[in-house]
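# Examination of the molecular architecture
So the chains spell out like this:
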Amino acid sequence: MPTLKELARRPNPLTGGHSACAGCGFPQAVRLVLMSIEEPVVVAGATGCMEVTTTTYPNTAWTVPFIHNAFENAAATISGVEAAYRALRRQGKIDREIRFVAFGGDGGTYDIGLQSLSGAVERGHRFLYVCYDNQAYMNTGIQRSSATPYGASTTTSPAGEAVPGKLQRRKDLTAILAAHGIPYVAQSTIAHWQDLTRKVRRAMEVDGPAFINVLAPCRLGWGTDPAMTVRMAELAAETCAWPLFEVDHGQWHVTYVPKQKLPVEEYLRPQERFRHVFQDKSGQLLAAIQRDVDEQWEALLAKAGQAVDGKAASRA
Amino acid sequence: MATTEAYRITERRRVTMTGAEATAEAMRQIHPDVVAAYPITPQTDIVMRFARFVADGVVQTEFVPVESEHSALSAVVGASAAGARAMTATSGPGFALMHEILYVAAGYRLPIVMPVANRALSGPINIHGDHSDTMGSRDAGWIHLYAENAQEAYDDLIQAVRIAEHPEVRVPVLVGQDGFIITHGMEIVEVLTDDEVRAFVGEYRPERYLLDVDHPMTVGALALQNSYFEVKRQLAEAVRRSARIIADVGEEFGRLTGRYYGLTEPYRMEDAELVIVAIGSTAGTAKDVIDELRGRGVKAGLVKVRVFRPFPARNLRDLLGRARAVAVLDRADSYAGLGGPLFAETKAALYGLPQAPVMTGYVYGLGGRDITPEMIAAVYDDLGQLAERARADHAAVAAEAALSVRYLGVRER
Ligand SMILES: Cc1ncc(C[n+]2csc(CCOP(=O)(O)OP(=O)(O)O)c2C)c(N)n1
Ligand code: SF4
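Just so it is clear, the structure is predicted and the values come from calculations on it, not from any experiment.

### Structural notes on the packing of helix H4 (residues 74–90) of chain A against helix H4 (residues 69–82) of chain B
Between H4 of chain A and H4 of chain B, the shortest axis-to-axis distance is 6 Å and the interhelical angle comes to 50 degrees. Between H4 of chain A and H4 of chain B, the crossing angle belongs to the class labelled oblique. Once H4 of chain A is placed against H4 of chain B, the crossing between them reads as right-handed. Mapping the contact onto sequence places Ala76, Thr77, Ser79, Gly80, Val81, Ala84 and Leu88 of chain A in H4 of chain A and Ser71, Ser74, Ala75, Gly78, Ala79 and Ala82 of chain B in H4 of chain B.

### Structural notes on the side chain of histidine 18 of chain A
For histidine 18 of chain A, the location among the structural elements is in the loop between helix H1 (4–9) and helix H2 (26–35). A polar contact is formed between the side chain of histidine 18 of chain A and the backbone nitrogen of alanine 20 of chain A, at a distance of 3.2 Å.

### Some points on the domain arrangement of chain B
All names here are of chain B. Its domain assignment divides chain B into domain 1 (4–257) and domain 2 (264–408). Contact residues are listed per partner, giving 28 residues for domain 1 and 22 residues for domain 2. Between domain 1 and domain 2, the buried area comes to about 2000 Å², and carbon and sulfur atoms account for 55% of it. Together, Met135, Arg138 and Glu148 form the three largest contributors to the area buried by domain 1 at its contact with domain 2, with a combined 30%. Inspection of the region where domain 1 meets domain 2 yields six salt bridges. Notably, a salt bridge pairs arginine 309 with aspartate 139, separated by 3.5 Å at the nearest N-O pair. At the boundary of domain 1 and domain 2, one finds 16 residue pairs in polar contact (both at pLDDT 80 or more). Here the residues of the side of domain 1 that touches domain 2 sort into twelve nonpolar, eight polar and eight charged.

### Looking at the sheet that holds strand S12 (residues 300–305) of chain B
Residue and element names in this part refer to chain B. Pairing in this open sheet of six strands is mixed, and the strands run S10-S12-S11-S14-S15-S16 from one edge to the other. Each end of this open sheet is capped by a strand with a single partner; those strands are strand S10 (264–267) and strand S16 (405–408). For this sheet, the mean angle separating the axes of adjacent strands, direction not counted, is 25 degrees. Taken together, the four bridges between strand S15 (residues 358–364) and S16 define a ladder with parallel strand orientation. Paired with glycine 361 across the strands is valine 405, a residue of S16. Docked against the sheet, helix H14 (residues 373–392) engages strand S11 (274–278), S12, strand S14 (325–330), S15 and S16, running at close to 130 degrees with respect to S11.

### Some remarks on the UniProt feature "domain: Thiamine pyrophosphate enzyme TPP-binding" (unreviewed entry) in chain A
Under the UniProt annotation, the feature "domain: Thiamine pyrophosphate enzyme TPP-binding" (unreviewed entry) is placed at residues 47–214 of chain A. For residues 47–214 of chain A, helix accounts for 34% and strand for 16%, while the C-alpha atoms at its two ends are 17 Å apart.

### Description of the interface of chain A and chain B
With 43 residues of chain A at the interface, the matching set in chain B holds 41 residues. Carbon and sulfur atoms make up 60% of the surface buried where chain A meets chain B, a total of about 3100 Å² over both sides. Taken as a group, Tyr57, Asn69 and Arg123 of chain A account for 16% of the area that chain A buries against chain B, more than any other trio of residues on that side. With its nearest N and O atoms 3.0 Å apart, the salt bridge here joins glutamate 62 of chain B to arginine 90 of chain A. At the junction of chain A and chain B, the tally comes to 18 residue pairs in polar contact (both at pLDDT 80 or more). In terms of residues, the side of chain A that touches chain B owes the most to one element, H4 of chain A, which gives twelve residues. Pairing of strand S2 (residues 66–68) of chain A with strand S9 (residues 218–219) of chain B, which is carried by two bridges, proceeds in the parallel orientation.

What counts and what doesn't
- Residues numbered from 1 in each chain as written.
- Chains lettered and ligands numbered in written order.
- Predicted model: local features only at pLDDT ≥ 70, side-chain atom pairs only at ≥ 80, totals over all residues.
- Heavy atoms only, no water.
- Axes fitted to C-alpha atoms, helices over the stretch in contact; angles between N-to-C directions.
- Helix = DSSP H or I, 4+ residues; strand = E, 2+ residues; numbered from the N terminus.
- Parallel < 35°, antiparallel > 145°, perpendicular 65-115°, else oblique.
- Left-handed = near helix turned anticlockwise from the far one by under 90°.
- Contact = heavy atoms within 4.5 Å.
- Polar contact = N/O pair within 3.5 Å; in protein donor to acceptor, adjacent residues only side chain to side chain.
- Domains from an automatic or database assignment.
- Buried area = accessible area lost by both parts, 1.4 Å probe.
- Salt bridge = Lys/Arg side-chain N within 4 Å of Asp/Glu carboxyl O.
- Nonpolar A, V, L, I, M, F, W, Y, C, P; charged D, E, K, R; others polar.
- Pairing = 2+ DSSP bridges.
- UniProt positions renumbered as here; feature names shortened; annotations may be inferred.

What follows is the structure in structure tokens.
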């Protein structure tokens, strides 16, 4: 487990000077993940904000080998890279230990890239897939994805007179990955650096595919103050709207149980995408969102065999 | 290992094989580092056999049985960029599903080699051979080779590795073979020894690759208006340059095997007046018909187009410039375009020749519909009449013929 000081001294895999918005969450996710890995890495990235803001030719922000193929195939691409590694290593052409990481946004992971991800983990390639989840298709202008939470307003699920934002629940992708029975699956955020770096280390230890879903707020799509990005990720965990957990060889653990679970309102209020929720005088929409969060949190605790009263110990 | 020994070929052999078998055999001898594949008829026979080689330990290839063709080519792009010699194989709808990634592979200049068992595209669904698949992606930037028979499917695949990896080329190469007709037809194939093939293809030594972690590189950066066009222009230049490399490799292969390959293959063209231009197995059928017609004094000839990209325009001008009438046979339609892709491009190649022959186009064989020697003989008949009519008014007949596309062997009622 590296200390924060040690982490800060590691070579930076993603240099400054990329063109992500000030206060964007994904660069934090990329740095925390890659700086937690001691071995040399090769990285694949899906099309999306991360890719377009870090690789505008003739520049690149990546100081590690990086490949972008298309929007939906980061997992298939890294599985080819990993297969090449195995082949060349067996032939003695490469004698180093190298690790493989793929990054995709929620659109490129929950939706169009799900088949490729499912296939790659099912085949058992040794790599870590990290979804930096900002809960919408940000790069094309904030459209809903299946990661967008219930009630959020996006450009393809706008809140209007007749329809109050997105009508469906967020897809539980982490659980879907866990259902593949792969060695390690986890959920974290860019704000919980210790939790995230520990999970990445664990993902590197296991012999096989690993998946980590990292909440990485998008200040533009969420309509939040750039200075609030990390706080938003914290609030997501404090309200249990984005629980932190892991599934290690089939064992579910909740890795962070807030001392006092905050009402979801505290997380939603600073976000413009939920503004209509508070304009609804009946309070029904807010109540529905709270109910949804509670249900999912309790279901998670039950799966992890942890007490519903919130007294269970945090592992983080 | 006993099984490995059983597969090894140490002396050249003449073996009865299907095109799929010959292709798998070539892949075994090429011994790529990574093969990713997804089953689709009629290609499946190739990768099934290759998977057997992997299972028996005959090859050390990493075999990646992916969940779709899209992922097959995606993984092969990853493997190739990582520094491996990487291959996949597909057919029809599988090739169509790869469409987006075909461009990526070419744009990244990855020397991927892919056998394609040419197959029709839905709807309606049809598993049989035509060229709609690869012709539909003719502008993706890949080099296109087409085999006439199992021997050529085997020979082309071996040459394709050298072409793709040539430092002046570095462009992916597909090798088409007619689905079922070649993939499943039994023929006698001369197989080289393992050592000969290995020596011919040589070791793959990429200059820069992802797994060279001490020299990090970014592959597939975002190229905007200030650079994208140059990347594509360079690709066009590389594909154009490959014409010479393809000819050189074909020559070198000829010295090894006695089977010489060029961009086109003329058949009895020295004095030919009535000429068919065709791709693939149909060229073989046409050769038989020509021999028969020649016996009756008809000056029939054939130009087989082996390489469709780079398009052999100069060869066609040289070969067809003295013909009186030319028929171009397409196993793919362009649906109210100016004929099938081969017809349209052959016409374009001959444009401006002072003595250009009259030319007409035929679409045939869609969805595996038979093309018989009688049909081909009928085309030569048509050409004879066309040439006669052109004697009276060449310009008018040529202009009309250039716009006419006939459907060969289809029920019109
Ligand atoms: C096949 C295909 N469909 C659509 C697109 C357009 N596209 C590019 S990025 C993107 C959205 C990416 O969203 P996400 O994966 O959530 O990442 P983010 O931009 O939020 O970082 C879309 C729809 C594409 N490039 N390719
Ligand atoms: S739009 Fe959102 S995800 Fe994209 S760079 Fe800006 S803050 Fe980051």
